[in-house]
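Chain by chain, the residues run as shown.
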Amino acid sequence: PTLTPAMETVPPAVDLVLGASACCLACVFTNPLEVVKTRLQLQGELQARGTYPRLYRGFVASVVAVARADGLCGLQKGLAAGLLYQGLMNGVRFYCYSLACQAGLSQQPGGTVVAGAVAGALGAFVGSPAYLVKTQLQAQTVAAMAVGHQHHHQSLLGALETIWRQQGLAGLWRGVGGAVPRVMVGSAAQLATFASAKAWVQERQWLPEDSWLVALAGGMISSVAVVAVMTPFDVVSTRLYNQPVDGAGRGKLYGGLADCLVKIWRQEGPLALYKGLGPVYLRLGPHTILSMLFWDELRKLARRGQHQGS
């Protein structure tokens, strides 16, 4: 896809603020889905299907189960960590993507995908400690409903301090090997398909060119691609972040991305890599749609402000 006028006129620093703000706004609405998704992905960890009690069954029943166990506030577990992650990850991601587009990379064949992947990888690396804590906080619940290892953190800052004290600086970036590919494939799919889908919708002239519905339609198409490629990495990422560690800070269950993929495939079956697919789509779908829609609309406002100022 060619450079859009939006990409040419909005400075990368503005994109950093707009991207982070848009995704934090979306996060407030989609965090309960993230809690449910985390529980579903940890359920039956390294156990064959049918050999463990299914405490969480499907999306609606899981929402009810979380609310019963942790109260309605339990559906917003890890929100502070989620907002910190979205702000850090997407601020960096949109800034780098905007820089790449300004440099003309998106005009090269496959340039949008490369820019999206690299921007996503950098964003995931920067935001990794926040995602680590978010996963661990969202997995925590009463003993009767617990799935996966329970870390017993009290808060975002308390968790960061505990990990720092017990495992050092490296401990805060534990599991980053699963997060970087997760966001790389998702970011590349999201940014590339959003630009292409939006252009395709505009070409059809079904909707007014400057309408927010164009961004909405682009986001809806984009979200399907994102979920298809991202879910297996999402499951692996949740497992790597939540696993218990030994005294040396090494994971007790998985050695890394490849080891985790192989163990899940062998012990739980290939379908386990799509555990929590419903909430993943319901979270990533609206999150992709809302983030891209907010980002698109905020950029329009920023451009109008620039034109008025000049």
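Residues numbered from 1 in each chain as written. Predicted model: local features only at pLDDT ≥ 70, side-chain atom pairs only at ≥ 80, totals over all residues. Heavy atoms only, no water.

Caption draft 1: Examining the pattern of salt bridges more closely. Scanning all chains against the criterion turns up 14 salt bridges. Here Asp15 makes a salt bridge to Arg299, at a shortest N to O gap of 2.6 Å. You can see Asp15 sitting in helix α2 (residues 12-42) and its partner Arg299 sitting in helix α10 (residues 277-309), a full 284 residues away along the chain. A residue is classified by how much of its surface remains accessible, and Asp15, at 0% relative accessible area, is buried. Residue Asp70 is joined to Lys77 by a salt bridge in which the shortest nitrogen-to-oxygen separation is 3.7 Å. (Salt bridge = Lys/Arg side-chain N within 4 Å of Asp/Glu carboxyl O. Helix = DSSP H or I, 4+ residues; strand = E, 2+ residues; numbered from the N terminus. Buried < 20%, exposed > 50% of the residue type's maximum accessible area, 1.4 Å probe, protein only.)

Caption draft 2: Structural view of the layout of surface pockets. Approximately 390 Å³ is the volume found for the second largest pocket. In terms of lining residues, the second largest pocket is bounded by 19 residues, among which Arg49, Tyr52, Arg54, Lys275 and Gly276 are the most central. The leading source of residues in the lining of the second largest pocket is α10, at 3 residues. Tallied by class, the residues present in the lining of the second largest pocket amount to 8 nonpolar, 7 polar and 4 charged. (1 Å grid on protein atoms, 1.4 Å probe; cavity = no way out; pocket = protein on both sides within 12 Å on 5 of 7 lines; lining within 4 Å. Points joined across faces, edges and corners; volume = space filled by probe spheres on them. Nonpolar A, V, L, I, M, F, W, Y, C, P; charged D, E, K, R; others polar.)

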